[in-house]
Amino acid sequence: MKVLVVGSGGREHALVWKIAQSPKVTKIFCAPGNPGIAQHAECVPIQSGDIPSLLEFALKENVDLCVVGPEAPLTEGIADIFKDNGIRVFGPSKEAARLEGSKARAKALMEENGIPSARGNVFTDPEKARAYIREQGAPLVVKADGLAAGKGVMVCGTVEEALEAVDRCMVQREFGSAGDTVVIEERLAGGEASYLAFSDGKTVLPLPSSQDHKAVWDGDKGPNTGGMGAYSPAPVVTPELEEKILAAIMRPVVRAMAAAGHPYKGVLYAGLMIDKGEAKVLEFNVRFGDPEAQPLLMRLKTDLVEIMEAVAEGRLETVRLEVDPRPAVCVVMASEGYPGQYPKGMRIKGLDKAREKEGVVVFHAGTALKDGHVVTDGGRVLGVCGTGDTLSDAIRRAYKAVGKISWEGAFCRSDIGRKALAPRGPRVLVVMGSDSDREAMSACAGVLKEFGISYEMTITSAHRTPERAMGLARGARARGVRVIVAGAGAAAHLAGAMAAHTTLPVIGVPLDATPLQGLDALLATVQMPPGVPVATVAVGKMGAKNAGYLAAQILGCSDPEMEKRLAEHKEKMVREVAEKAEKFTERG
């Protein structure tokens, strides 16, 4: 059979690479393609948005299946046009593609069907949008309704930033007609994940989880991009959470589209925010993500063409997905200046050496040929992918291949996949001297739960079980613990005993266990010898609660998501105090 793939980026290279492995395929065309795609397919000089020319070519060449990579032609109705002319298409109809083409439409569908997402509203009047922003306060997310080349979503930490975002969309019309309508939502906290599934309008067949890295710099710093790398699987999506995602998000969307008369056929991408074991939708995409497609397709063992045919023919229930259990990672190499202005035409060196590495595939995203040499032709230039028995091995292989490739101004993030390597044990260890301390120390646990911090609470004594206390302290770091909270009364040597055997920060909570009302425990806790520091915040239940907050702030020093949650909590406290003060103030 003949297959036409529409598009020219890293996603399309990965699609062509996987389709080429199917024994069913005799010929692959790609329009317009790139030099990497040309290794597997015949590149056709037709732009992905030129639907009439694409149709004319497909009819002339008797194409059996058209696979659409980018979102723009899908939202323009390429699937409907090709189907009307007897050509099978992998991709949703124009109406179904509005899930991505109109964020307002997606918002309405989620609200109508109880699909979890951020609280927000839709505006066509800039003045009403500004009034809503002032009423709600920051942080907020402002989204241009239509397609804006991945740049129409603005995360705003202040009211001023949100107002400016509305002006960019609706007044300056920076995104053209895409910004005539805006969606304004609360900013969700947590960790992001990408969840993709095939759908034939009835059946939902999920792919493995993955996680994108949107920000341009290490540590999720800097402006958002189209994606600087991805890996699969994403540990944040546990088996239990995956069931929730399918039951509360993916299947309801497919049912809703079918009920509306627009069955969803293709791959459905849900960008999710995961917080405290729950998932909320950030956005829907109606095609494979880029760069998520690269590691996902490297792990897929089932014939992709068989899946696509089943989707097009409405028989996806007959397909069983087989996935390589080994993790995969994609590191994006970009041009200097991206995601802003960047030069083109830089000669790329080392591609052959990188491809020689075991378990490595290099996907071209923004490349061209010039005088027989591969040169840069985009912001995101290459997706260097590796697989391995462990995620660490996959990351090592990908970065080793990255090290073989160079061009003037090339850069990449150095921390792709690092989040998944973090120890998955408790981040805070809460210890107490006896069971009678549990009630007070539960106040600490309550704060940790509020911020979504994993913790472990146990009993140990500096006097009665010193070996256990020492073992807990010495083994804490290896288990992923980053802060220890120790509560005890009377002599209160527990915090000091823990601090003597670890380099982790220790917060001591002196408890009221004697007629001295905790003063004895307070003095015992704070009087540590040099080199054995213990932080102390207050006595009793209040001290335990503040110990939880201090632990969160310590974690927030290296965790941007925790920092966001803390800032939001502080802002909430300020608002609550202001509201109480307003109610309390008597007016004459």
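We now turn to the structure provided with this report. None of these values were measured; they are calculated from a predicted model.

**Examining the overall build of the chain**
Reasoning step 1: Helix and strand counts for the chain come out as 20 helices and 27 strands.
Reasoning step 2: A globule of 588 residues ought to have a C-alpha radius of gyration of about 25 Å, and the chain, at 27 Å, matches this closely.
Reasoning step 3: The C-alpha extent of the chain, read off along each of the three principal axes, is 95 × 70 × 50 Å.
Reasoning step 4: Looking at the chain residue by residue over its 588 residues, the buried ones come to 54%.
Reasoning step 5: Within the chain, contacts between residues separated by at least 24 positions form 68% of all contacts whose residues are at least 6 apart in sequence.
Reasoning step 6: Accessible area for the chain stands at about 25500 Å²; split by element, carbon and sulfur atoms hold 51% of it.

**A look at the side chain of serine 209**
Reasoning step 1: Within the secondary structure, serine 209 sits in the loop between strand E11 (204–206) and strand E12 (211–212).
Reasoning step 2: Taking relative accessible area as the criterion, serine 209 reaches 8% and is therefore assigned buried.
Reasoning step 3: Of note is the side chain of serine 209, whose polar atom sits 3.0 Å from the backbone nitrogen of alanine 234.
Reasoning step 4: Those residues in contact with serine 209 that lie beyond four places of it in its chain are Ser194, Tyr231, Ser232, Pro233, Ala234, Val237 and Leu296.

**Some details on the pattern of salt bridges**
Reasoning step 1: With the rule as written, the count across this model stands at 32 salt bridges.
Reasoning step 2: Across the salt bridge formed by aspartate 167 and arginine 130, the nearest N and O atoms sit 2.7 Å from each other. With aspartate 167 in helix H8 (residues 159–171) and arginine 130 in helix H7 (residues 126–136), this pair connects stretches of sequence that are 37 residues apart.
Reasoning step 3: What makes aspartate 167 partly exposed here is its relative accessible area of 23%.
Reasoning step 4: What makes arginine 130 buried here is its relative accessible area of 13%.
Reasoning step 5: The partner of arginine 413 in a salt bridge is aspartate 415, with the nearest N and O atoms 2.9 Å apart.

**Examining the sheet that holds strand E2 (residues 27–32)**
Strands belonging to one sheet form pairs held by backbone hydrogen bonds; the direction of such a pair is parallel or antiparallel.
Reasoning step 1: Spatially, E3-E2-E1-E4-E5 is the arrangement adopted by the five strands of the open sheet, whose pairing is parallel. Edge positions in the open sheet fall to strand E3 (42–43) and strand E5 (88–90), since each of these has one partner strand only.
Reasoning step 2: By the bridge criterion, six bridges tie strand E1 (residues 2–7) to E2 in an arrangement that is parallel. Bridge assignment links glycine 7 to a residue of E2, and that residue is proline 32.
Reasoning step 3: Across the sheet, helix H2 (residues 51–60) lies against E1 and E2, angled at about 165° from E1, the strand it touches most.

**Some words on the packing of aromatic side chains**
Reasoning step 1: For the coordinates displayed, the defined rule picks out eight aromatic pairs.
Reasoning step 2: Ring centres of phenylalanine 198 and phenylalanine 288 lie 6.1 Å apart, and the angle between their planes is 75°; on these two criteria the pair is classed as edge-to-face. Of this pair, phenylalanine 198 sits in strand E10 (residues 191–200) while phenylalanine 288 is found in the loop between strand E17 (278–285) and helix H10 (293–299), placing the two residues 90 residues apart along the sequence. By the burial criterion, phenylalanine 198 is buried, and phenylalanine 288 matches it.
Reasoning step 3: Here the aromatic cluster, defined as three or more aromatic residues joined through ring pairs, consists of Phe90, Phe198 and Phe288.

**A look at the sheet that holds E17**
Reasoning step 1: Spatial ordering of the open sheet is given by E11-E10-E16-E17, a layout of four strands whose pairing is antiparallel. Each of the sheet's edge strands pairs with one partner strand only, and the pair in question is E11 and E17. Direction aside, neighbouring strands of the sheet carry axes that sit 35° apart on average.
Reasoning step 2: In terms of strand pairing, strand E16 (residues 265–275) meets E17 through seven bridges, oriented antiparallel.

**Concerning the nonpolar core**
Reasoning step 1: Of all hydrophobic cores here, the largest spans 50 residues; its most connected members are Leu4, Phe82, Leu99, Met250, Leu272 and Phe284.
Reasoning step 2: Element by element, the count of residues in this core is highest for helix H9 (residues 239–259), at nine residues.
Reasoning step 3: Non-local contacts of phenylalanine 82, meaning those with residues more than four positions away in its chain, are made with Leu4, Ile51, Leu54, Leu55, Ala58, Cys66, Ile87 and Val89.
Reasoning step 4: By size, the runner-up hydrophobic cluster in this structure holds 43 residues, among which are Leu15, Leu205, Leu304 and Cys330.

**Side note on the packing of helix H19 (residues 540–556) against helix H20 (residues 560–584)**
Reasoning step 1: Axis separation between H19 and H20 bottoms out at 8 Å; the angle between their running directions is 135°. Put simply, H19 runs oblique to H20. Between H19 and H20 the crossing geometry is left-handed. Touching Tyr549, Ala552, Gln553, Leu555 and Gly556 of H19 are Met562, Glu563, Leu566, His569 and Lys570, all from H20.
Reasoning step 2: Tallied by class, the residues present in the contact of H19 with H20 amount to five nonpolar, three polar and two charged.

**Regarding the packing of helix H1 (residues 10–19) against helix H11 (residues 304–313)**
Reasoning step 1: In contact at an axis separation of 8 Å, H1 and H11 are set at 105° when each is read in the N-to-C sense. Comparing the axis directions of H1 and H11 gives the class roughly perpendicular. Two secondary-structure elements touch here, H1 through Leu15, Lys18 and Ile19 and H11 through Leu304, Val305 and Met308.
Reasoning step 2: The residue inventory of the contact of H1 with H11, partitioned by class, reads five nonpolar, no polar and one charged.

**Thoughts on H11**
Reasoning step 1: With respect to burial, H11 is a largely interior element, seven of its 10 residues being buried.
Reasoning step 2: Buried residues in H11 make contact with H1, strand E4 (65–68), E5, E10, E16 and H10.

Quick notes on the rules
Residues numbered from 1 in each chain as written. Predicted model: local features only at pLDDT ≥ 70, side-chain atom pairs only at ≥ 80, totals over all residues. Heavy atoms only, no water. Helix = DSSP H or I, 4+ residues; strand = E, 2+ residues; numbered from the N terminus. Rg over C-alpha atoms; globule rule 2.2 N^0.38 Å. Buried < 20%, exposed > 50% of the residue type's maximum accessible area, 1.4 Å probe, protein only. Contact = heavy atoms within 4.5 Å. Areas by Shrake-Rupley, 256 points an atom, 1.4 Å probe, with all protein chains shown as cover. Polar contact = N/O pair within 3.5 Å; in protein donor to acceptor, adjacent residues only side chain to side chain. Salt bridge = Lys/Arg side-chain N within 4 Å of Asp/Glu carboxyl O. Pairing = 2+ DSSP bridges. Axes fitted to C-alpha atoms, helices over the stretch in contact; angles between N-to-C directions. Phe/Tyr/Trp six-rings, centres within 6.5 Å; stacked < 30°, edge-to-face > 60°. Core = buried A, V, L, I, M, F, W, Y, C linked by side-chain atoms within 4.5 Å. Parallel < 35°, antiparallel > 145°, perpendicular 65-115°, else oblique. Left-handed = near helix turned anticlockwise from the far one by under 90°. Nonpolar A, V, L, I, M, F, W, Y, C, P; charged D, E, K, R; others polar.

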